[in-house]
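Each chain, written out:
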Amino acid sequence: MALFHSKVYGIVQGVGFRPFVSRLAGEFNISGSVCNKGPYVEIFAQGPTESLKQFFKALEERPPERSAILKVETEEVQSGKTFHTFEIIESEKEAGEIFVSPDIATCDKCRAELFDPHDRRYLHPFINCTACGPRLTILDSMPYDRERTSMGEFPMCEKCAEEYHSPATRRYDAQPVCCNDCGPELYLINEPQVRGTEALQRARQCLRQGGIVAIKGIGGFHLSCDAQNSAAVSRLRQLKHRPVKPFALMMKDMAAVERECNIEPGQETVLTGHQKPILLLKRRMDSKLAPEIAPGNPKVGVMLPYTPLHMLLFAYPDGEDFPDSLVMTSGNPSGAPICRSDEDAVEALSGICDLMLSHNRQIRLRADDSVMDWLEGQPYMIRRSRGYAPLPFMLSGAFSKDAAVLGIGGELKNTFCLGKGNLLYPSPYIGDMSDLRTVQALQESIKRMAELLETEPKMVACDLHPRYNTTAAAKELGLPLLPLQHHYAHILSCLAENDCQEPVIGVSFDGTGYGTDSTIWGGEILKADYQGFERLGHIRPFLQTGGDKASREGWRIAVAMLYGLTKDQEQVRELNQKLNLCPDKELAAQFLMADKHINAIKSTSAGRLFDAVSALLGIRQSSTFEGEASMYLEFAAEAYESRFCAGTVLFSGRLPSSSPLRAAYGKTLRRPPAGAAQGGSRHRAAGLQIPCGPGCPDCRSLQAGPPENRTWHRCPLRRRLPESPAHAPYIALPQKRGLPSAETQPGAPQ
Ligand SMILES: [Zn+2]
Ligand SMILES: [Zn+2]
């Protein structure tokens, strides 16, 4: 008989780890104990050496589904102590590395029980188990035990307690476990007497009839309406003062997603995984979604139901038809943080919705939905929040165990980060700090996360910008301050995310950030490492005129650039006549600002450069939200690429070396092999072609490898894309810029 003492680090709390260890011990006839210590799970295992070996092997090889073991430390103990059984010991707190599980989407087994009329949790809107349910958002402090969560106020009924205490069940040690008898309850905020099923049905009815409902979810409120009902979506846009910024959608199931969107291989796995992020998908041509969901945008953000309440919303068995796509946008007034309490919702959402469906399980920490895009066959994180935060990144460098730093984050799309030793814990998404309510939410979240992770930051890193609200909030903490240049910070986080120790050449193309020379930076190439950076290159500086307005009105940058390049007011006036950037009287003001340097600042912002190009091409003169003009420029470019992908004969004959097309496509432009795709009748002669790019979904299979290796073929998409007026200015560009056409190019092969 031998006795081993083992410490298991990682996501081993709130994922059924202790019951798993206990079951495993039973399997291998091991006696001893398992205890949740906070930073780790402690195991004492006693038995024949061979059984112990197998026990520890199985522990690492088949841990519970949602757990993640980072490290196991095991040593033999020389002690006369004898264990007769295997026991689970109540949590004993201890300081150290802490791993808090993110919230986990409802698992398949719970979903099956939810719709099984014979199950005792039939239609229970809060069904969960050891493998699924709320975690971070209900947690007060670690270790993860019921009394330290917002489920503490719901004493378990006898049956639930039995499951909770029996290692044989799926709910053994599941802290939020509850049922129809003992769990939280749904109700309508404005009619609190309407509760439970009746409240749910009222919400369904309202949505069915085209109304807007505020729904309390796992990490905050959503605003919801029927996604195929144009009038409802338009009304929500009006009430939320959000003219075009895309709305996220929740769809009933994969079948519904496939009806509305083109699914690429691998995307289903992301959509159905236990994190359930919003994934940006290409909308189908025959989609029935209201165009107002994401006007002019070829993509829509889609997620699947991730709580029992969402599942019931779509599929409550009352025999009524119900939309299978709902708008599920963050429940907040423009700029403010997502509402998490009834009081928040009443104050902020009363004027935006027709009904408010809430429940009495408190949300301790906000968590917006995570958002992912798709890039070359892989998911690409845009917003890391619910389902992922606060899983830490682990750095391999030598860091002092006591080091505790707060990175307070940027002004727009803020996320902060707590660093503790070599672990970095990014927070859920917080929001835009121009609104003081969001600053307050930031302060609240910092406090709670620091408590959860038992960290007291000794230093705070903030943006170099002296007038940011985040900088002010950082100063208020009264800790030593480390101001960091914005784009250097971007590159640093990229280094940390990839655990890269080497110096790098970082390319940070961004909106705007305060530069070390007090000008605006944003298109930067920096040589950087953890110690510092050197500015190697940047976008050629231009004047950003009109102060804050410049970030919303791309035409100002366009005019400033034209004036900067030509230095000739008359010429800019002439160009403005053609490009229609602004009324003539505005021009005079722009010239004055540029000449006298009034309300004008030097900038290298890539975002503003894109805005200006967008304005010059007639795509967007100004933006209603950050990045709008650039986004529509991207769509136009993608549409252009799809139309003119492989098999598209752009022109025949030789391409002058000065051609912008050659500059843009370089090596990837080449003569097609003999017998390759023939162009349309206008371009009978085979000329130079552009190989398929990522913009062409129909040619996916051909996209592996570098562009030079791609196969030539005719892209079917080229024939399918309608001549949409939104794309027209860009599509027509090559001719305007004097690219040779087949008809005019002398010496074109016939
Ligand atoms: Zn479950
Ligand atoms: Zn119960």
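Residues numbered from 1 in each chain as written. Chains lettered and ligands numbered in written order. Predicted model: local features only at pLDDT ≥ 70, side-chain atom pairs only at ≥ 80, totals over all residues.

Student: Honestly, the overall build of the chain in this entry has me stumped. Any pointers?
Tutor: Along the chain, the regular secondary structure elements total 22 helices and 29 strands. Every one of the 750 residues in the chain was classed for burial, and the buried ones make up 44%. Contacts in the chain between residues far apart in sequence, at least 24 positions, make up 65% of those at least 6 positions apart. (Helix = DSSP H or I, 4+ residues; strand = E, 2+ residues; numbered from the N terminus. Buried ≥ 20, exposed ≤ 12 C-beta atoms within 10 Å, placed from the backbone. Contact = placed C-beta atoms within 7 Å.)

Student: Is there a simple way to think about the sheet that holds strand β22 (residues 481–484) in this case?
Tutor: Sheet strands pair via backbone hydrogen bonds, and the direction of the pair is either parallel or antiparallel. Pairing within the open sheet is mixed, and its 6 strands lie in the order β17-β20-β19-β18-β21-β22. Strands with a single pairing partner mark the edges of an open sheet, and in this sheet they are β17 (393–394) and β22. (Pairing = 2+ DSSP bridges.)

Student: Help me understand the packing of helix α1 (residues 17–27) against helix α2 (residues 49–61) in this model?
Tutor: For any two helices packed against each other, the geometry comes down to the angle between their axes and how far apart the axes lie. It is at 10 Å that the axes of α1 and α2 come closest, and there the two elements cross at 145°. The hand of the α1/α2 crossing is right-handed. For the pair formed by α1 and α2, the contact residues are V21, L24 and A25 on the first element and F55, A58 and L59 on the second. Class assignment for the residues of the contact of α1 with α2 results in 6 nonpolar, no polar and no charged. (Axes fitted to C-alpha atoms, helices over the stretch in contact; angles between N-to-C directions. Left-handed = near helix turned anticlockwise from the far one by under 90°. Nonpolar A, V, L, I, M, F, W, Y, C, P; charged D, E, K, R; others polar.)

Student: I tried to follow unusual backbone geometry on my own but got confused; where do I start?
Tutor: A negative phi angle is the norm for most residues apart from glycine, just as the trans form is the norm for most peptide bonds. The omega torsion of the bond from A389 to P390 falls at 0°, within 30 degrees of zero and hence cis. Mapped onto the elements, P390 comes out in the loop between β16 (378–383) and β17. Positive phi values are uncommon outside glycine, yet H241 reaches one of about 50°. Relative to the helices and strands, H241 resides in the loop between α6 (230–240) and β9 (248–251). We note that E454 has phi near 50°; this positive angle belongs to a residue other than glycine. Of note, E454 is situated in the loop between α11 (436–452) and β21 (459–463). For E454, a count of 18 C-beta atoms within 10 Å translates into the label partly exposed.

Student: For this particular structure, what's the right way to read the pairing of strand β14 (residues 355–359)?
Tutor: In regular strands, side chains alternate between the two faces of the sheet. For β14, a buried count of 5 out of 5 residues is recorded, marking the element as mostly surrounded by other parts of the structure. Residue alternation in β14 divides its side chains into two sets, L355, L357 and H359 and M356 and S358, and both sets are buried. By the bridge criterion, 3 bridges tie strand β6 (residues 186–188) to β14 in an arrangement that is antiparallel. Following the sheet pairing, L186 is matched in β14 by H359. Sheet analysis places strand β7 (residues 213–216) next to β14, joined by 3 bridges and oriented parallel. When the bridges of β14 are listed, I215 appears paired with L357.

Student: Explain the packing of helix α14 (residues 554–566) against helix α17 (residues 606–616) here, please?
Tutor: Interaxial distance between α14 and α17 falls to 7 Å at its minimum, and their mutual angle equals 90°. It follows from the interaxial angle that α14 and α17 lie roughly perpendicular. Listed contacts from α17 to G554, W555, I557, A558 and M561 of α14 are R608, D611, A612, S614, A615 and L616. For the contact of α14 with α17, the residue count by class is 7 nonpolar, 2 polar and 2 charged. (Parallel < 35°, antiparallel > 145°, perpendicular 65-115°, else oblique.)

Student: What's the story with the environment of T137 in this structure? I'm lost.
Tutor: Within the secondary structure layout, T137 lies in the loop between α3 (108–114) and α4 (158–165). Spatially, the C-alpha atoms of T137 and G220 are 9.0 Å apart, while their sequence positions differ by 83 residues. Once you skip the residues sitting within four places of it in the chain, T137 turns out to touch D103, I218, G219, I363, R364, L365 and A367.

Student: What's the story with the sheet that holds strand β3 (residues 40–47) in this structure? I'm lost.
Tutor: Strand order in the open sheet formed by 5 strands is β4-β1-β3-β2-β5, with mixed pairing between adjacent strands. Each end of this open sheet is capped by a strand with a single partner; those strands are β4 (68–76) and β5 (86–89). Averaged over all adjacent pairs, the angle separating strand axes in this sheet is 15°, with direction ignored. With 6 bridges connecting them, strand β2 (residues 31–36) and β3 associate as antiparallel partners.

Student: Explain the confidence of the model for the chain here, please?
Tutor: Regions with low pLDDT carry predicted coordinates that are not meant to be interpreted in detail. Averaged over all residues, the pLDDT of the chain is 84; the fraction at 70 or higher stands at 84%. Note on residues 646–653: pLDDT under 50 across the span, and 48 contacts to partners over four residues away in sequence or across chains. Overall, residues 667–750 carries pLDDT values under 50, and its contacts beyond four positions in sequence, including any with other chains, amount to 143 contacts. (pLDDT = per-residue confidence, 0-100.)

Student: Quick question: what am I supposed to make of α2 here?
Tutor: In an α-helix, one turn spans 3.6 residues, which is why side chains three or four residues apart end up on the same side. Given a rise of 1.5 Å per residue, 13 residues ought to cover 18 Å, and the 18 Å separating the end C-alpha atoms of α2 matches this to within 8%. Taken residue by residue, α2 has L52, F55, F56 and L59 as its buried positions. Along the long axis of α2, the arc covered by the buried residues comes to 90°, so they all point the same way. Summarising the geometry of α2, the exposed residues directed more than 90 degrees from the buried face are E50, K57 and E61. (Expected span 1.5 Å × (residues − 1). Arc of directions from axis to C-beta.)

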